[in-house]
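Structural overview for review
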Amino acid sequence: MKKKFINIGLIGYGTVGKGVVKILEENKKIALRKVGKAICIKSICDLNPIDKPELYVKNFKDIIKDPEIDLIVELIGGYEPARTIIIESLKAGKNVVTANKAVLAKYWNQIFTTAQDCQKSIYYEASVGGVIPVVQGLSEGLASEEILEIKGILNGTTNYILSEMTKNGVSYETALKNAQVAGFAEADPSFDVNGIDTANKLAILSSLAWGSWIKVKDISVKGIADLNIEDVLITRDFGYDIKLIGCAQKTKNGIDLSVQPCLVNHENAFATVENEYNAVMIIGKDSGDVLFYGKGAGQQPAASAVVSDIINVSKFIVTNTAGIVSDVIYDKKKKIKILPASKSKASYYLRFSVLDKSGVLAKISGMLGKHKVSIASLSQPDISGNDYARIIIITHETCRENIEGALKQINATKSIVKSKTVKIKIEI
Ligand code: HSE
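Residues numbered from 1 in each chain as written. Predicted model: local features only at pLDDT ≥ 70, side-chain atom pairs only at ≥ 80, totals over all residues. Heavy atoms only, no water.

1. Looking at the environment of Ser-287
Spelled out, the test is: Numbering of helices and strands runs from the N terminus; a helix is a DSSP stretch of H or I covering at least four residues, while a strand is a stretch of E covering at least two. Note on classification: 1.4 Å probe, protein chains only; a residue is buried when its accessible area is under 20% of the maximum for its type, exposed when over 50%, partly exposed between these limits. Every residue pair with non-hydrogen atoms within 4.5 Å of one another is taken to be in contact. Counting of polar contacts relies on pairs of N or O atoms within 3.5 Å, with two restrictions inside protein: one atom must be capable of donating a hydrogen and the other of accepting it, and residues adjacent in sequence are counted only when both atoms are side-chain atoms.
Here Ser-287 is to be found in the loop between β11 (277-284) and β12 (288-295). A relative accessible area of 31% places Ser-287 in the partly exposed class. Residues Ser-287 and Glu-140, 147 residues apart in the sequence, show an inter-C-alpha distance of 13 Å. Excluding its chain neighbours within four sequence positions, the residues that come into contact with Ser-287 are Leu-142 and Glu-145. A polar contact is formed between the side chain of Ser-287 and the backbone nitrogen of Gly-284, at a distance of 3.2 Å.

In structure tokens, the structure reads:
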């Protein structure tokens, strides 16, 4: 039967949901030209009544069982009932668009197995990098590639906070408040600042790249909440910016997965990525470096990515081919080797606060050397007026277990150490 319209059931009418409705109304002609049929919102489900009472549905189950609805757009976020909505929608023969990175990262296996079994599509561009078409770029644009590495600034809130600290010299707490005022950080920004949001996105991109479910628990995660403005200012003078970077790198001993604050040289492409912008670098064996850049947070960028997904999946719904070929080539039996975090290699910035007396530097360099950590450069900025010295060391590349072993020993030497040593990875 020929379709007159593509009917959408929208579940979740918050910031992004409202943006989606607005773009679909304003860009009606663009969507019609691309799909060949009008895209209509038939129902909207939300916990509370909405400003479009004629479309309002209180129970999401009524949307899932509506035979006229072709496509369900899940925008409620969180794990439940989002997971149930996605799974039940696929089983009911609906295609799905979602922006929910948390549910995808946690239930990748179940969601994509169900989509494959039901031969339905699930599109999720807005789950990673806001408006940046990195999911499509990775799965289609770079379909031929053996992916060697994915690294990116994948969280707009933390990037906004770090930009504020670097540009304006404000503390972490002030920068977080500024991000909330600017409308980027959530009332509860813990998933952003503790790195979990970035880890969810990295898990999604890595699972896509390597065709196997890479779990958040495989990723070593450190957020930005304990970052000291002192280190932001010192490293800025050394020619670095601090960015929260998610990195997945293929090594001969497994995939090395981490999320952590990193120092990037002012010349590095990531250094120019400021405020709510995100950037993702994908390195393929034949492609070399491919860089994606755009707004990673905010209502309209996220809504724009959702509407692009709606348009793209609608093209297949019109021809009855949505989900016939899997969107995610995923083999649930394939096991991928993960490099233990202790074996991850990097060079580091270290800031020691130690007693200012003879023999201290020798002790520190001795303990670093004992753990096979080699010093690339060392400086002791003059902070006269203090009874302690600030020693800055940049190391050569070393295994994480070496640097952590050395710092454990140094920090435990209470006779010379005034406060815990700061360690930040240097991103090349
Ligand atoms: N909280 C997310 C961010 C929104 O700040 O990037 C987009 O996923």
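2. Things to note about empty space enclosed by the protein
Put simply, the test is: The method works on a 1 Å grid over the protein atoms by themselves. A cavity is a set of points holding a 1.4 Å probe that cannot get out, a pocket is an open set with protein on both sides within 12 Å along at least five of seven lines, and residues with an atom within 4 Å of a point line them. Grid points are joined across faces, edges and corners, and a volume is the space filled by probe spheres set on the points. Under this grouping Gly is polar, as are all residues other than the nonpolar Ala, Val, Leu, Ile, Met, Phe, Trp, Tyr, Cys and Pro and the charged Asp, Glu, Lys and Arg. For the purposes of this description, domain bounds are those given by an automatic or database domain assignment.
For the structure shown, the criterion picks out two cavities of 30 Å³ or more. Taken as a whole, the largest cavity holds about 60 Å³ of empty space. Lining the largest cavity are Phe-112, Ala-115, Gln-116, Gln-119, Lys-120, Ile-122, Gly-323, Val-325, Ser-326, Asp-327 and Val-328. Top contributing element to the lining of the largest cavity by residue count: helix α5 (residues 101-118), with three residues. Looking at the lining of the largest cavity residue by residue, the classes come out as five nonpolar, four polar and two charged. Of the voids in this model, the second largest cavity is the one considered here, and its volume is about 50 Å³. Sorting the residues of the lining of the second largest cavity by element identifies β10 (254-265) and β13 (345-355) as the ones contributing at least two each. Ranked by residue count, the leading element in the lining of the second largest cavity is β10, at four residues. Grouping the amino acids of the lining of the second largest cavity by side-chain chemistry returns four nonpolar, four polar and four charged. Both domains that meet at the lining of the second largest cavity, namely domain 2 (134-295) and domain 3 (342-427), each give it at least three residues.

3. A few points about the pattern of salt bridges
To be explicit about the condition: Salt-bridge detection follows one rule: a side-chain nitrogen of Lys or Arg within 4 Å of a carboxyl oxygen of Asp or Glu.
This model, assessed by the stated rule, comprises 21 salt bridges. The closest approach of N and O atoms between Glu-149 and Lys-151, which form a salt bridge, is 3.7 Å. Like Lys-151, Glu-149 is buried.

4. Observations concerning the side chain of Asn-278
In this structure, Asn-278 sits in strand β11. Since its relative accessible area comes to 0%, Asn-278 is described here as buried.

5. Quick word on the pairing of strand β1 (residues 5-11)
Applied cut-off: If DSSP finds at least two bridges between two strands, the strands pair.
Of all seven residues making up β1, six are buried, and the element is well covered by its neighbours. When β1 meets strand β2 (residues 38-45), the two strands line up parallel, connected through seven bridges. Bridge pairing in β2 links Ile-6 to Ile-39. Bridging between β1 and strand β4 (residues 71-74) involves four bridges; their strand directions are parallel. Each residue of the ladder has a partner; that of Leu-10, found in β4, is Val-73.

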